[in-house]
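Each chain, letter by letter, is given below.
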Amino acid sequence: MRTRDCVLALDFDGVVWDSIDEAFFISCLTWEKLFGPLPAGLEPGFRAGRWLSRTAPDFYVLLRLLIEDPERDFESLSKDEFKARLAQEPEAAHRFDVTFYATRDEERTTRPQHWLSLQPPYPHFVQVFPQLREAFRDIVITTTKDEAAVQFCLQSAGIDLRVLGKGFSRDKAEQVRHLP
C-alpha cells in the first residue's frame, strides 16, 4: 500500500500543537470560577500529571490531586487509580467539564491573540505539513478537544484540515473508525 492511498490521523494536543499552557490556564480559570482561588505553584505538577489527562474532567482530577499534595508523584499513579478518582466525584467533574469548555470559548472569542499565544503549533509540524499533505490522500485531526478551538488554532497557522473532535465523539477509536 502506498501512503498516497492512506489517511493520516493525527492527535492534536502534544502532537501537532503544544497546548499544555492553554490547558493549565483554562483549567485554573475554570477552577476559580467554580471553587475559588487555587494555591500558587501547581503548574509543575500539572505538567507532570498531564499524561494522565485526556479531557476537562481529567484536568479537574489533576488539580484536585495537586491541591491535596502539591508534591504528588504522578509517575507512580496508574491510569486506573486516576480514573477511580474521577469516578469518586462525577458531579463536580461534570460541572468542571461544562464550565471548562465555556471558559475556553470565552477566552478564544474575547481574547483570541492571548489565547493563541498560550498554545503554539510545533514548528516541526508546520515545517513538514506541506510534505505530509503531498504524501497522504487526506490528513485528519482526531482529538478530544472541541472542533471550533482546533480549527481556530489551525487557521492561525494557515492549515486547513478536517477535525473530528469531542462534538463527534470523545472516543478516538470511534473517530478513527469513522475515517474513510
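For the structure, see preceding data.
Please read these numbers as outputs of a predicted model, since none were measured by experiment.

(A) Representation of the packing of helix H3 (residues 56-68) against helix H4 (residues 79-88) within the structure. Packing of H3 against H4 brings their axes to within 10 Å, and their N-to-C directions diverge by 95°. In terms of orientation, H3 lies roughly perpendicular with respect to H4. Between H3 and H4, the contacting residues are Pro57, Asp58, Val61, Leu62, Arg64, Leu65 and Glu68 on the first element and Phe82, Arg85 and Leu86 on the second. Within the contact of H3 with H4, the residues separate by chemical class into six nonpolar, no polar and four charged.

(B) Inspection of the sheet that holds strand S2 (residues 138-142) at higher detail. Spatial strand order, S1-S2-S3: three strands in an open sheet with parallel pairing. For this open sheet the edge positions go to strand S1 (7-11) and strand S3 (162-164), each flanked by a neighbour on one side alone. The average angle at which neighbouring strand axes cross in this sheet is 30°, direction not considered. Note: S1 against S2, five bridges, orientation parallel. Note that in S2 the partner of valine 7 across the bridge is aspartate 138. In the packing of helix H7 (residues 123-135) onto the sheet, the strands contacted are S1 and S2, and the crossing angle to S2 comes to about 135°. Strand contacts of helix H8 (residues 147-156): S2 and S3, with the helix running at about 150° to S3, the strand carrying the most contacts.

(C) Focus on the environment of valine 150. Assignment of secondary structure puts valine 150 in helix H8. Under the relative-accessibility criterion, valine 150 is labelled buried at 0%. For the pair formed by valine 150 and phenylalanine 12, sequence separation is 138 residues and the distance between their alpha carbons is 7.8 Å. Leaving out residues up to four positions away in the same chain, valine 150 has contacts with Phe12, Ile141, Thr143, Lys145 and Val163.

(D) Highlighting the packing of aromatic side chains. On inspection of all chains with the given rule, the structure shows 13 aromatic pairs. Taking 5.6 Å as the distance between ring centres and 45° as the angle between the ring planes, the aromatic pair formed by phenylalanine 46 and phenylalanine 59 counts as tilted. Within this pair, whereas phenylalanine 46 is found in helix H2 (residues 43-49), its partner phenylalanine 59 is found in helix H3, the two being separated by 13 residues in sequence. A network of ring pairs unites the aromatic residues Phe24, Trp31, Phe35, Phe46, Phe59, Tyr60, Phe96, Phe100 and Tyr101 as a single cluster. The side chain of arginine 108 reaches across the aromatic face of phenylalanine 152, ending 5.8 Å from its centre.

(E) A look at the pairing of S2. In terms of burial, S2 is a largely internal element, four of the five residues being buried. One crossover worth recording links S2 to the parallel S3 by way of H8, and it is right-handed.

(F) Inspection of the pattern of salt bridges at higher detail. Evaluated as defined, the whole model comprises 14 salt bridges. Arginine 64 serves as the salt-bridge partner of glutamate 89, at 3.6 Å between the closest nitrogen and oxygen. With glutamate 89 in the loop between H4 and helix H5 (90-110) and arginine 64 in helix H3, this residue pair connects regions lying 25 residues apart in the sequence. Look at glutamate 89 and you get buried, because its relative accessible area is 19%. Sharing partners across several salt bridges, the network here consists of Asp13, Glu22, Arg104, Lys145 and Asp146.

Each value, and the rule that gives it
- Residues numbered from 1 in each chain as written.
- Predicted model: local features only at pLDDT ≥ 70, side-chain atom pairs only at ≥ 80, totals over all residues.
- Heavy atoms only, no water.
- Axes fitted to C-alpha atoms, helices over the stretch in contact; angles between N-to-C directions.
- Helix = DSSP H or I, 4+ residues; strand = E, 2+ residues; numbered from the N terminus.
- Parallel < 35°, antiparallel > 145°, perpendicular 65-115°, else oblique.
- Contact = heavy atoms within 4.5 Å.
- Nonpolar A, V, L, I, M, F, W, Y, C, P; charged D, E, K, R; others polar.
- Pairing = 2+ DSSP bridges.
- Buried < 20%, exposed > 50% of the residue type's maximum accessible area, 1.4 Å probe, protein only.
- Phe/Tyr/Trp six-rings, centres within 6.5 Å; stacked < 30°, edge-to-face > 60°.
- Lys NZ or Arg CZ within 6 Å of the ring centre and 35° of its normal.
- Right-handed = clockwise from strand over helix to strand, strands pointing away.
- Salt bridge = Lys/Arg side-chain N within 4 Å of Asp/Glu carboxyl O.

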